[in-house]
Amino acid sequence: MFLSSVHYEVFAKRPGGAMNLELTHAREDHAVRVAEEMFAGGEFAGVRVVRETLDPETGAFRSAVLLKRGDQDEGKARPGAEEMGPACRAPADLYAAASRAQIARLLEGWLGKVKATPFELLHRLDLAERLQTTGAEMQHAVQKVAVTQSLGRGVGVHQMVRTVQQLVDQAIGRLRADRAAALFPALAPDTFAAVCRDLAGAADGAYRLAGGVADHLAGGGDWSEKCARLLDLADAAPDEDPARALALQVLCQPLSEILAAKAATAELLGADLDLGGQVAAAARLVANEAVEALAQVDPEAGSLIPPLGPVAQRLAERLALPGYEDIRGAVVRRLLQALTTPRRLRPSDPAEEVELARALGFALSAADPRVLPAEEVRAAIIERSRLMVGQDFLEAFLRAERPAMQEAFDLARLLDNLAGAANRTQAVRWIQATISSPRFDAELTSGPDSASTRLLMLARLHRMLARSRHDAGGVEPLLERLGEMGDRLEASKGLVRQLSRAQIALPHRLGALLRMAAGETAPPGPAAERAKAEAKRLLAAPDAMAELGRDPGALRQLRELMAEL
């Protein structure tokens, strides 16, 4: 994203502060929308959106301001700002977690091409020198850091570029000297524990062990191999502190960076997965027990969550152990963030997307709350539900031609799988629109199915919607309308009268009428009441009990039906 030839930057200024770079994005509409929302929220006194276009010949960026809102004053330089350097003042500062995360963002494209993490870049001279010779990528990264730092500190961009470049040169010089001094140990799983014990008491033990781990990772040709190598070392880590603490401190750095890189996680979890598949696979990574439990209870839902490959399965088992809480937490945060993104989970199949969202909701809600906090999970599921009752999703969901009755069933199924009262109420409105449509009425009046089948479908739809009568607004009027429709359909065809006079045994006639009265084959309402009244009339006949007594099994079933009324 950061290395594309055109990108968009959002700058924002808080009251009394300076204009700072807040966001870089590849899409203009997203950058503008974020800027407008930031300004409308009241936290920022001014915002600006700038388009940056890379000149391939010079490697420099041309800027064009696309949007300005509010105060555009850059802010005055603070006293002594000319002497201030970037946030990283010495090569050692580059190894901090925040610095490595910044390197990952700035060099995402290049690191993806060479299949390396910031951890490796900072400890392997061959990678650092290779980056140094790339030109455009290095210049772009330095320029981005310099622009951000200069805006925040009131220092000239060109001066800051020189300062950042000097810091990079110093870091590479230090790495070159340490390599020449053979400071980094050669590692293999069978020697890893001993090396950790030797370095545990050294002041630079973490740095030296990290160099050895980076060299060991160089033998991995792809992300899966690199991850497997790290897991091999983790399996061989010493059991006792402080050597174990040192091992985990170092190993968790490249592991977390691999799981934070889109290309790496795609390779580990499945390169052909859509967003829903990625989220589902990530759920297995951090809550595999909950996913397996879901598959036992609901195999169909469990089948929507893809299995993990051998390396990813090993990683899931490792992340469940003490010492990996930070990595697991970072995966959880990205998983929940992905659930709330406007992107579709399964763009190719809206109906399956509904089922996948349901499966994810069950699995994530059932996970250990220490891993997946219940309130955060619920908030993410409610946000995904909000997207699923939005115009864009529902237009895709309803695009395929289908009978109006089937459309109502599909929307009722959607309603069943939504969280949040407001979202469920919105789904009810869509169902109301379908049921009130002339198409639905025409199918009910003269559809291809028999009248008894159409009445049965109304009863099933009534039962589905009745499940939501207590947590979705507008359901009761819908239920009443279905009852009225059932009344009209039954009355027009005389179904109760037909059943009562059918040339079949009394137990069968009574059974059919009682099922209608109980809401099984007709929606509750006038039609069901007429069936109930007719069943009572038949039972009151002088010879009814004698006829029923000749069939004890049928009589037992009728008593069960009557108990439901």
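Here, every reference points to the structure presented above.
Residues numbered from 1 in each chain as written. Predicted model: local features only at pLDDT ≥ 70, side-chain atom pairs only at ≥ 80, totals over all residues. Heavy atoms only, no water.

S.K.: Please set out the pattern of salt bridges residue by residue, giving values where relevant.
M.R.: Tallied over the full model, the rule gives 34 salt bridges. Put simply, Asp71 and Lys13 hold a salt bridge, and the shortest N to O gap is 3.9 Å. Placement of the pair is Asp71 in the loop between strand E4 (61-70) and helix H2 (97-106) and Lys13 in strand E1 (residues 6-13), with a sequence separation of 58 residues. What makes Asp71 partly exposed here is its relative accessible area of 34%. The partner of Glu36 in a salt bridge is Arg69, with the nearest N and O atoms 2.9 Å apart. With Glu36 in helix H1 (residues 28-40) and Arg69 in strand E4, this residue pair connects regions lying 33 residues apart in the sequence. What makes Glu36 partly exposed here is its relative accessible area of 29%. The exposure class of Arg69 is partly exposed, given its relative accessible area of 32%. Among the charged side chains, a salt-bridge network with shared partners connects Glu120, Arg124, Asp126 and Lys226. (Salt bridge = Lys/Arg side-chain N within 4 Å of Asp/Glu carboxyl O. Helix = DSSP H or I, 4+ residues; strand = E, 2+ residues; numbered from the N terminus. Buried < 20%, exposed > 50% of the residue type's maximum accessible area, 1.4 Å probe, protein only.)

S.K.: Mind laying out the packing of helix H13 (residues 275-297) against helix H17 (residues 350-366), listing which residues take part and the relevant values?
M.R.: The packing of two helices is summarised by the inter-axis angle and the distance between the axes. Two elements in contact, H13 and H17, have axes whose closest approach is 8 Å; the angle formed by their N-to-C orientations is 50 degrees. The angle between the axes of H13 and H17 places the two elements in the oblique class. Once H13 is placed against H17, the crossing between them reads as left-handed. Together, Gly276, Gly277, Val279, Ala280, Ala283, Ala290, Val291 and Leu294 of H13 and Leu356, Ala359, Leu360, Phe362, Ala363, Leu364 and Ala366 of H17 make up the contact between the two elements. Looking at the contact of H13 with H17 residue by residue, the class counts come to 13 nonpolar, two polar and no charged. (Axes fitted to C-alpha atoms, helices over the stretch in contact; angles between N-to-C directions. Parallel < 35°, antiparallel > 145°, perpendicular 65-115°, else oblique. Left-handed = near helix turned anticlockwise from the far one by under 90°. Contact = heavy atoms within 4.5 Å. Nonpolar A, V, L, I, M, F, W, Y, C, P; charged D, E, K, R; others polar.)

S.K.: How would you sum up the packing of aromatic side chains? Please name residues and give values.
M.R.: Taken as a whole and judged by the stated rule, the model has three aromatic pairs. Ring centres 5.2 Å apart and planes at 70 degrees place the aromatic pair Phe184 and Tyr207 in the edge-to-face group. On the criterion of sequence distance, the pair formed by Phe184 in the loop between helix H7 (157-180) and helix H8 (189-199) and Tyr207 in helix H9 (residues 205-217) is long-range, its members being 23 residues apart. Neither Phe184 nor Tyr207 differs from the other in exposure class; each is buried. When the centroid spacing of 5.7 Å and the interplanar angle of 20 degrees are considered together, the rings of Phe393 and Phe397 count as stacked. With Phe393 and Phe397 both in helix H19 (residues 391-397), this residue pair falls four residues apart, about one helical turn. Each member of the pair Phe393 and Phe397 is classed as buried. A cation sits over an aromatic face here: Arg174 above Tyr207, 4.2 Å from the ring centre. In this structure, Arg402 packs its charged tip against the face of Phe397, placed 5.9 Å from the ring centre. (Phe/Tyr/Trp six-rings, centres within 6.5 Å; stacked < 30°, edge-to-face > 60°. Lys NZ or Arg CZ within 6 Å of the ring centre and 35° of its normal.)

S.K.: I'd like a description of the packing of H13 against helix H15 (residues 310-319), backed by residues and values.
M.R.: At a minimum axis distance of 9 Å, the contact between H13 and H15 shows a crossing angle of 60 degrees. Overall, the two elements H13 and H15 adopt an arrangement that is oblique. For the pair H13 and H15, the crossing hand works out as right-handed. Residues Arg284, Leu285 and Asn288 of H13 lie in contact with H15, whose contacting residues are Ala312, Gln313, Leu315, Ala316 and Leu319. Per-class residue counts for the contact of H13 with H15 are five nonpolar, two polar and one charged.

S.K.: Account for the environment of Gln253, naming residues and giving values.
M.R.: Mapped onto the elements, Gln253 comes out in helix H11 (residues 243-260). The class for Gln253 is buried, based on a relative accessible area of 18%. Gln253 sits 60 residues away from Gln313 along the chain, and the two C-alpha atoms are 19 Å apart. If we skip the residues at most four places from it in the chain, Gln253 touches Arg100 and Phe119.

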